[in-house]
Amino acid sequence: KDWETQLGRVQQLMDMIAKTIADKDVQRAYTLYEQLEAAKKALPPLFAEKTVELEHRMLPTYERIVNMHIEIARKDLQQKLELLGTLQARIDASIGKRDHADATKLYEMAKRVYLGIPNEFFEKKVEAQKRLLVYARRISELELTIAKDGLGSALARVEDAAKGADMLLLKGDMAGAH
């Protein structure tokens, strides 16, 4: 009687896995499959034929879970790469407008998207990393340019003030030169 309960549990798990696959719930499907493996191992040795039959049914089920996982991961990767492309275009626009704060904010968003790319897609992740490094350099160069421009205009104001003071001194206006 106990073996009937175990076989019933195996069938119940197979049905639940089929539903989670239909619902595209990968994590739950993997969890249920692990439970199915445990239930299969718990079958009495007298059920060797049933166990082999079960393994033949389980293999395509596992393949469907893996394929679903791959499909979902690829779609997720594609969405992340598209988002990175959009963010990079916005970073370009911000750099073009010399908006360092916005470019930096967008770069940080792009980094978070990059970190979400699964390591299974190593080549795509490396490509994205290389592009991010280019943007990090461009943003740093923008920051330096803005700083130099600010320093240059401050220097020009000091020079103008010094010239004005020189003119006043040449005219003898000591009070105005201070």
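Just above, that's the structure.
Residues numbered from 1 in each chain as written. Predicted model: local features only at pLDDT ≥ 70, side-chain atom pairs only at ≥ 80, totals over all residues. Heavy atoms only, no water.

Enquirer: How would you summarise helix H3 (residues 48-96) if you had to cite specific residues and measurements?
Expert: Helical geometry: 3.6 residues make up each α-helical turn, so side chains three or four residues apart lie on a common side. Here H3 contains 49 residues, and its C-alpha end-to-end distance of 70 Å stays within 8% of the 72 Å for a straight helix at 1.5 Å per residue. Once H3 finishes, Arg98 follows within two positions and takes phi at roughly 60 degrees, a positive value. (Helix = DSSP H or I, 4+ residues; strand = E, 2+ residues; numbered from the N terminus. Expected span 1.5 Å × (residues − 1).)

Enquirer: Give a detailed account of helix H2 (residues 26-41), specifying residues and quantitative values.
Expert: Compared with the 22 Å implied by 1.5 Å per residue over 16 residues, the 23 Å span of H2 between its first and last C-alpha is a close match. Taken as a whole, H2 has its buried residues at Val26, Ala29, Leu32, Tyr33, Leu36, Ala39 and Lys40. All buried residues of H2 lie within an arc of 130 degrees about the axis, which places them on one face of the element. Every exposed residue of H2 that faces more than 90 degrees away from the buried side is listed here: Gln27, Glu34 and Lys41. The elements touched by buried residues of H2 are helix H1 (2-22) and H3. (Buried < 20%, exposed > 50% of the residue type's maximum accessible area, 1.4 Å probe, protein only. Arc of directions from axis to C-beta. Contact = heavy atoms within 4.5 Å.)

Enquirer: Residues and numbers for the packing of H1 against H2, please.
Expert: A pair of packed helices is captured by two measures, namely the crossing angle of their axes and the spacing between those axes. The geometry of H1 relative to H2 is characterised by a closest axis approach of 9 Å and an angle of 165 degrees between their N-to-C directions. One finds that H1 runs roughly antiparallel with respect to H2. Pair H1 / H2 crosses with left-handed handedness. Where H1 abuts H2, its residues Arg9, Val10, Leu13, Met14, Met16, Ile17, Thr20 and Ile21 lie against Arg28, Ala29, Leu32, Tyr33, Gln35, Leu36 and Ala39. The residue makeup of the contact of H1 with H2, split by class, is 11 nonpolar, 2 polar and 2 charged. (Axes fitted to C-alpha atoms, helices over the stretch in contact; angles between N-to-C directions. Parallel < 35°, antiparallel > 145°, perpendicular 65-115°, else oblique. Left-handed = near helix turned anticlockwise from the far one by under 90°. Nonpolar A, V, L, I, M, F, W, Y, C, P; charged D, E, K, R; others polar.)

Enquirer: Tell me about the nonpolar core, and name the residues and values.
Expert: The tendency in soluble globular proteins is for nonpolar side chains to be buried as a group. Counting residues in each nonpolar core, the largest one holds 20 residues, and the members touching the most others are Leu84, Ile91, Ile95, Tyr107, Ile117 and Ile139. Elements represented by at least two residues in this core include exactly H3, helix H4 (100-115) and helix H5 (122-171). Looking at this core, the element that brings in the most residues is H3, giving 7 residues. Counting residues in hydrophobic clusters, the runner-up holds 16 residues, among them Ile21, Val26, Tyr33 and Ala39. (Core = buried A, V, L, I, M, F, W, Y, C linked by side-chain atoms within 4.5 Å.)

Enquirer: For the packing of aromatic side chains, give the residues involved together with the corresponding values.
Expert: According to the stated counting rule, one finds 2 aromatic pairs in the structure shown. With a centroid separation of 6.4 Å and an interplanar angle of 65 degrees, the aromatic rings of Tyr30 and Tyr62 are classed as edge-to-face. Placement of Tyr30 in helix H2 and of Tyr62 in helix H3 is noted, with a sequence separation of 32 residues between them. Between the aromatic rings of Tyr33 and Tyr62, the centroid separation amounts to 4.8 Å while the plane-to-plane angle is 45 degrees, which identifies the pairing as tilted. Of this pair, Tyr33 sits in helix H2 while Tyr62 sits in helix H3, placing them 29 residues apart in sequence. We classify Tyr33 as buried; its relative accessible area is 10%. Through successive ring pairs, a cluster of aromatic residues spans Tyr30, Tyr33 and Tyr62. Looking at Lys125, its charged tip hangs above the ring of Tyr114, at a distance of 5.4 Å from the centre. (Phe/Tyr/Trp six-rings, centres within 6.5 Å; stacked < 30°, edge-to-face > 60°. Lys NZ or Arg CZ within 6 Å of the ring centre and 35° of its normal.)

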